[in-house]
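# Results of the structural survey
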Amino acid sequence: MKIAFDGKRAVKNGTGLGNYSRYVLESLCKYADSNDKFVVYSPKGRMNAWMQRIIDTFAPQISLVINSSIFASVWRTFGMTQDAEKDGAVIFHGLSNELPLNISNSSMKSVVTIHDLIFRRMPECYKFIDRKIYDYKFRKAAENSDVVIAVSERTKKDIVELYHIDADKIKVVYQGCDAQFAKEIGEDEKIRVAQKYDLPKRYILNVGSIETRKNALQIVRALKDVDASVSLVIVGRRTKYAEKIDEYVKSNGLDARVKIISGIDFKDLPAVYAQAEVFVYPSFYEGFGIPIVEALNVGVPVIAATGSCLEEAGGASSIYVDPTNDSEMSDAINRVLTDSDLRSKMIDDGKEYAKRFSEEQCAKEIFDIYKSLVS
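Computed from a predicted structure; not experimentally measured.

### Focus on the overall build of the protein chain
In terms of regular secondary structure, the protein chain is built from 16 helices and 13 strands. For the protein chain, the C-alpha radius of gyration of 21 Å lies close to 21 Å, the compact-globule estimate for 375 residues. If one aligns the C-alpha atoms of the protein chain with their principal axes, the spans along those axes are about 65 × 45 × 40 Å. Per-residue burial over the protein chain gives 55% buried out of 375 residues. By element, 48% of the accessible surface of the protein chain is carried by carbon and sulfur atoms, the whole surface being about 16500 Å².

Shown next as structure tokens:
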């Protein structure tokens, strides 16, 4: 088969949708038959190093088509379809919530991955115009595609409920995380990373954009009821919400216990996870929760929030708390910090649970979807 992909996010985005797109493309390349070919289409943009590595490693099985014209955005909406057809693609896969608007007029079968509908569940976190654009594009993609891939059961339920898409049309395929998180991390690497980022001796870890929906302030508030020798390290891109955390930290005398790191090298992240006492992810709403899978792979116990899909990512042995209940959060943190048997069980069970989120499994399930469309 020849498969075409909308690869804008794979080429241009360093996190989030870009990570997913590159993960899927690399997984498919690793487990494809020799006669499977992949063509990735993207408007001009700064090439992501990870995407360049995929192209270099798996060429000529995978190729990249860049449109550098001033009308590249229009081409992505309409012209990409014709180019994919001319190149002999039999399936078009939109990796990041979208499909060309004329996809249903083509001879190709189509698949779209929808990651979440958080802008519908938490509209207050998004600008009005952004919500309208997302809603139109996501709905059209779900309606026009032959198959919708949802990244979690929670996202599948949202698509059915909010867009009234037939549940049989939606297939759940879980994403794993980069293979570096499952590798053994040596003491020298831990020391190097700890010195590079001036990490505290004991710390709780949170990873993700520092924004309202991610709810990192709950961990900061819970910190006052946690042993004073334990700090909090937050890794992520700062938004305006980070200023609220800064204000709370300053007004409550927590300056020495809260550290925010932005712009961390991705290759250093496993060692940051590995030295944490516990990973805490109190997000109000997620499509899945890759940082949880990263933590489980490294071998860090996880505490996450109830209310969306995080139980799917963390499994039965992680702990889940109300994202609005600070005392519940501090109690959970203290249990993990003080109960060595509980901690060991969470680590062992978490590593075993994380095995289901593998590149091979992801590739197999997506290939099964492709084959069902052309058989």
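### Quick word on a nonpolar patch on the surface
Taken together, Ile 70, Phe 71, Val 74, Phe 78, Leu 101 and Tyr 136 make up a surface patch of nonpolar side chains, about 640 Å² in accessible area. As for its position among the elements, Ile 70 is in the loop between β3 (62-67) and α4 (72-86). Residue Ile 70 is classed as exposed on the basis of its relative accessible area, which comes to 75%.

### Quick word on the pattern of salt bridges
Across all of its chains, the model carries 29 salt bridges by this definition. Between Asp 158 and Arg 121 there is a salt bridge, with its nearest N and O atoms 2.9 Å apart. Residue Asp 158 is located in helix α7 (residues 153-163), and its partner Arg 121 is located in helix α5 (residues 118-121); the two are separated by 37 residues in the primary sequence. Under the relative-accessibility criterion, Asp 158 is labelled buried at 2%. On the basis of relative accessible area, Arg 121 is assigned to the partly exposed category, the value being 29%. Put simply, Asp 158 and Arg 154 hold a salt bridge, and the shortest N to O gap is 2.9 Å. One end of the pair is Asp 158 and the other is Arg 154, both in helix α7 and four residues apart, which spans about a single turn. Across the pair, exposure class does not vary: Asp 158 and Arg 154 are buried alike. Each of Glu 189, Arg 192, Lys 196, Asp 265, Lys 267 and Asp 268 takes part in salt bridges that share partners, so that together they form one network.

### Here's the deal with unusual backbone geometry
With omega at 5°, the peptide bond leading from Ala 59 into Pro 60 counts as cis. Within the fold, Pro 60 resides in the loop between α3 (49-58) and β3. Despite not being glycine, Asp 198 has its phi angle at roughly 50°, a positive value. For Asp 198, the location among the structural elements is in the loop between α8 (187-197) and β8 (203-207).

### Comments concerning α7
Those residues of α7 lying buried are Arg 154, Thr 155, Asp 158, Ile 159, Leu 162 and Tyr 163. One side of α7 holds all its buried residues, which, seen down the axis, span an arc of 140°. Looking at the buried residues of α7, the elements they touch are β5 (109-114), α5, α6 (128-144), β6 (147-150), β7 (170-172) and α13 (310-314). Phi turns positive, to about 55°, at His 164, one or two residues after α7.

### Focus on the sheet that holds strand β9 (residues 231-235)
The strands making up a sheet associate through backbone hydrogen bonding, with each pair oriented either parallel or antiparallel. In spatial order, the strands read β10-β9-β8-β11-β12-β13; together these six strands make up an open sheet with parallel pairing. Edge positions in the open sheet fall to β10 (258-261) and β13 (319-321), since each of these has one partner strand only. Neighbouring strand axes in the sheet, compared pairwise and without regard to direction, differ in orientation by 25° on average. Pairing geometry for β8 and strand β11 (residues 278-281), over two bridges, is parallel. Within the sheet, the bridge partner assigned to Leu 205 lies in β11 and is Phe 279.

### Some words on the packing of helix α14 (residues 326-338) against helix α15 (residues 340-354)
Two elements in contact, α14 and α15, have axes whose closest approach is 5 Å; the angle formed by their N-to-C orientations is 95°. Between α14 and α15, the crossing angle belongs to the class labelled roughly perpendicular. Only Ser 340, Leu 342, Arg 343 and Met 346 of α15 make contact with α14, whose side of the interface consists of Arg 335, Val 336 and Thr 338. Partitioned by chemical class, the residues of the contact of α14 with α15 number three nonpolar, two polar and two charged.

### Description of the packing of aromatic side chains
Any pair of aromatic rings gets described here by the distance separating the centres and the angle formed by the planes. In total, this model carries 18 aromatic pairs according to the counting rule given. A connected cluster of aromatic rings, assembled from ring pairs, spans Trp 50, Phe 181, Phe 266, Tyr 273, Phe 279 and Tyr 281.

### Remarks on the side chain of Ser 110
Its location among the elements puts Ser 110 in strand β5. For Ser 110, a relative accessible area of 1% gives the class buried.

Rules behind the numbers
- Residues numbered from 1 in each chain as written.
- Predicted model: local features only at pLDDT ≥ 70, side-chain atom pairs only at ≥ 80, totals over all residues.
- Heavy atoms only, no water.
- Helix = DSSP H or I, 4+ residues; strand = E, 2+ residues; numbered from the N terminus.
- Rg over C-alpha atoms; globule rule 2.2 N^0.38 Å.
- Buried < 20%, exposed > 50% of the residue type's maximum accessible area, 1.4 Å probe, protein only.
- Areas by Shrake-Rupley, 256 points an atom, 1.4 Å probe, with all protein chains shown as cover.
- Patch = residues over 30% accessible without salt bridge, like charges linked within 9 Å, V, L, I, M, F, W, Y side chains within 5 Å.
- Salt bridge = Lys/Arg side-chain N within 4 Å of Asp/Glu carboxyl O.
- Arc of directions from axis to C-beta.
- Contact = heavy atoms within 4.5 Å.
- Pairing = 2+ DSSP bridges.
- Axes fitted to C-alpha atoms, helices over the stretch in contact; angles between N-to-C directions.
- Parallel < 35°, antiparallel > 145°, perpendicular 65-115°, else oblique.
- Nonpolar A, V, L, I, M, F, W, Y, C, P; charged D, E, K, R; others polar.
- Phe/Tyr/Trp six-rings, centres within 6.5 Å; stacked < 30°, edge-to-face > 60°.

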